[in-house]
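Structural description and commentary
Okay, here's what each chain looks like letter by letter:
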Amino acid sequence: MKFDEKKLYELAKDLFPISRSLTGSGVRLTLKKIKKIIPKIQIKSIASGTKVFDWKIPYEWSISEAYIEDQKKRRIVDFKKNNLHVVGYSKPINKTLTLSELKKHIHTLPKQPNAIPYVTSYYKKIWGFCMSHNQYKNLKPGNYKVVIRSSLKKGKLNYGELLIPGNSKKEIFLTTYFCHPSMANDNVSGIVLLTGITKWLLNVKRNYSYRILFIPETIGSIQYIHKNLKKLKHNVIAGYVITCVGDDGKFSFIPSREGNTLADKFAISSLQSLKKGYKHYSFLQRGSDERQFCSVGVDLPICSITKSKYSEYKEYHTSLDNLDYISQKGLRSSFDLYQKLIMNFEKSKFYMATKMCEPHLSKYNLYPTTSTKHSGQTVRKMMNVLAYSDGKRDINEISKITNISLSETKKFIKILKDNKLIVTL
Ligand code: ZN
């Protein structure tokens, strides 16, 4: 499929109103819509209560209705009009309160008086409403009826996964989260872009395999790592968390913890080749699932490229992050960047030494039988190429580090490959 930014913006419009949370019908409906476009995607689940590392899969939260009614029975806040009005995972309530009692349960943003904030309380049982500070300021004294019809029951956490095979078993890992209600850049844009990239990948010739993942943020990636770490560590050569990719701002780069993995190197070179400048953040400013993928002991080569980064734009986590904040142009430029990045991987080869420690070169007739003043130099060069054949560097980088010309590096790579001392990933 030729990428059509119009279609993807339409998909964003379709997904935007859905009331998503970590679990429940909103994420299932979102997955259903993705599956319509990518029928091969597998929809998977894990039961509430399952222990994953230091966490437990939460219960499923459902909400059918929520509102605040004034004394004249006017609904001054209604979940149906905007799903950000209710604190995510709110417990049920049906009560009449005075204004001062009600105010204890209302969240606003005094510095952004027009915006409704996005608030959740996944692990502490509370209830609450969110509204613009302008509306809050104008609330008149009196009694208010508050109703939240919600439930928290044993259920499951859903996610979507697809492995697109290539010639190599080594994988590029592309992930996004899909647990936010009606906000466009964070995070409908990520869902839409990953859907578009997947559709494109399915129709191109691939050397590498691609693992695609749609999960709820944090707990979703934690459970996924819990289940798949061995496989991920073995196969993933680079990965990216795709989020906040729909606006017209500059690109932002959030490195992995180590900052020098293949994923980092290729992200930086792809961003630099645009020659448009980008913001280079530190891992200390991480905020999405790279927190889990790069945590101690997990240490996967995963980083993130966004447009305006989460937490850094003023519309972030408010009702102002709406469909006007993202654009077809913004989605298009992110698609082009990720496409370029993937094609850069496809054009590159990575080599891995097959023997532990130095190979016994004489066995392969690679060691000079007569030792002269210069006879060792060629062997040393070859051993330097071998020393950096660690699966984490392409031929250009090996040539640079070893100070051996590209053509000579290629010659050594061929000799090492012919003798099965290295393999191509
Ligand atoms: Zn967010």
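Now for a look at the structure at hand. (Residues numbered from 1 in each chain as written. Predicted model: local features only at pLDDT ≥ 70, side-chain atom pairs only at ≥ 80, totals over all residues. Heavy atoms only, no water.)

Of regular secondary structure, the protein chain possesses twelve helices and 19 strands. C-alpha extents for the protein chain along the principal axes are approximately 100 × 45 × 40 Å. Among the 425 residues that make up the protein chain, the fraction classed as buried is 54%. Only carbon and sulfur atoms are counted for the fraction: they give 52% of the accessible area of the protein chain, which is about 20300 Å². For the protein chain, the separation between the mean place of its 73 positive charges and that of its 34 negative charges on side chains is 3 Å. (Helix = DSSP H or I, 4+ residues; strand = E, 2+ residues; numbered from the N terminus. Buried < 20%, exposed > 50% of the residue type's maximum accessible area, 1.4 Å probe, protein only. Areas by Shrake-Rupley, 256 points an atom, 1.4 Å probe, with all protein chains shown as cover. Lys, Arg positive; Asp, Glu negative; His and termini not counted. Charge placed at Lys NZ, Arg CZ, Asp CG, Glu CD.)

For the rest of this paragraph, the subject is the nonpolar core. Of all hydrophobic cores here, the largest spans 56 residues; its most connected members are Leu 174, Ile 197 and Tyr 240. Top contributing element to this core by residue count: helix α5 (residues 184–201), with nine residues. Not counting the four nearest positions on each side in its chain, Leu 174 is found in contact with Leu 194, Ile 197, Leu 201, Tyr 210, Arg 211, Ile 212, Leu 213, Tyr 240, Ile 242 and Ile 342. Judged by nonpolar contacts, the second largest core, of 43 residues, contains Ile 57, Trp 61, Tyr 144 and Ile 215. (Core = buried A, V, L, I, M, F, W, Y, C linked by side-chain atoms within 4.5 Å. Contact = heavy atoms within 4.5 Å.)

On to the coordination of the zinc ion, then. Every protein donor of the zinc ion is listed here as His 180 (NE2), Asp 186 (OD) and His 317 (NE2), and their distances to the metal cover 2.1 Å. Mapping the donors of the zinc ion onto the primary sequence gives the spacing H-x5-D-x130-H. Of this pair, Asp 186 sits in helix α5 while His 317 is found in the loop between β16 (302–306) and α9 (328–347), placing the two residues 131 residues apart along the sequence. Given the relative accessible area of 21%, His 317 is considered partly exposed. (Donors = N, O, S within 2.8 Å, 3.2 Å for Na, K, Ca; no water.)

Running from N to C, helix α11 (residues 395–402) and helix α12 (residues 406–418) cross one another at 110 degrees; their axes reach a closest spacing of 9 Å. Relative to α12, the element α11 lies roughly perpendicular. Every residue of α12 that contacts α11 at Ile 395, Asn 396, Ile 398 and Ser 399 is listed here: Leu 406, Thr 409, Lys 410 and Ile 413. Considered class by class, the residues forming the contact of α11 with α12 number four nonpolar, three polar and one charged. (Axes fitted to C-alpha atoms, helices over the stretch in contact; angles between N-to-C directions. Parallel < 35°, antiparallel > 145°, perpendicular 65-115°, else oblique. Nonpolar A, V, L, I, M, F, W, Y, C, P; charged D, E, K, R; others polar.)

Turning our attention to the sheet that holds strand β12 (residues 209–215). Ordered in space as β1-β10-β12-β11-β13-β16-β14-β15, the eight strands form an open sheet in which the pairing is mixed. Of all the strands in the sheet, the pair left with one neighbour each is β1 (42–47) and β15 (278–280). The average angle at which neighbouring strand axes cross in this sheet is 25 degrees, direction not considered. The pairing of strand β14 (residues 251–254) with β15 spans three bridges and is classified as parallel. Looking at β15, one finds that Phe 253 is bridged to His 280. Packing against the sheet, α5 makes contact with β10 (156–164), β11 (171–177) and β12, and its axis sits at approximately 150 degrees to β11. (Pairing = 2+ DSSP bridges.)

The next point concerns unusual backbone geometry. A cis amide bond links Asp 186 to the next residue, Asn 187, at an omega of 20 degrees. Secondary-structure assignment places Asn 187 in helix α5. Unusually for a residue other than glycine, Thr 218 sits at a positive phi of about 60 degrees. With respect to the secondary-structure elements, Thr 218 resides in the loop between β12 and α6 (219–235). With a phi close to 55 degrees, Lys 420 is a non-glycine residue in the positive phi region. One can find Lys 420 in the loop between α12 and β19 (422–424).

Bringing the pattern of salt bridges into the picture now. The full count for this structure, using the stated rule, is 21 salt bridges. Here Glu 60 ties to Arg 28 by a salt bridge, and the two come within 2.7 Å at their closest N and O atoms. Taken together, the positions of Glu 60 in strand β4 (residues 60–69) and Arg 28 in helix α2 (residues 25–37) put the pair 32 residues apart, joining distant regions of the chain. By sharing partners, the salt bridges in this structure join Glu 65, Glu 69, Arg 75, Asp 78 and Arg 149 into a single network. (Salt bridge = Lys/Arg side-chain N within 4 Å of Asp/Glu carboxyl O.)

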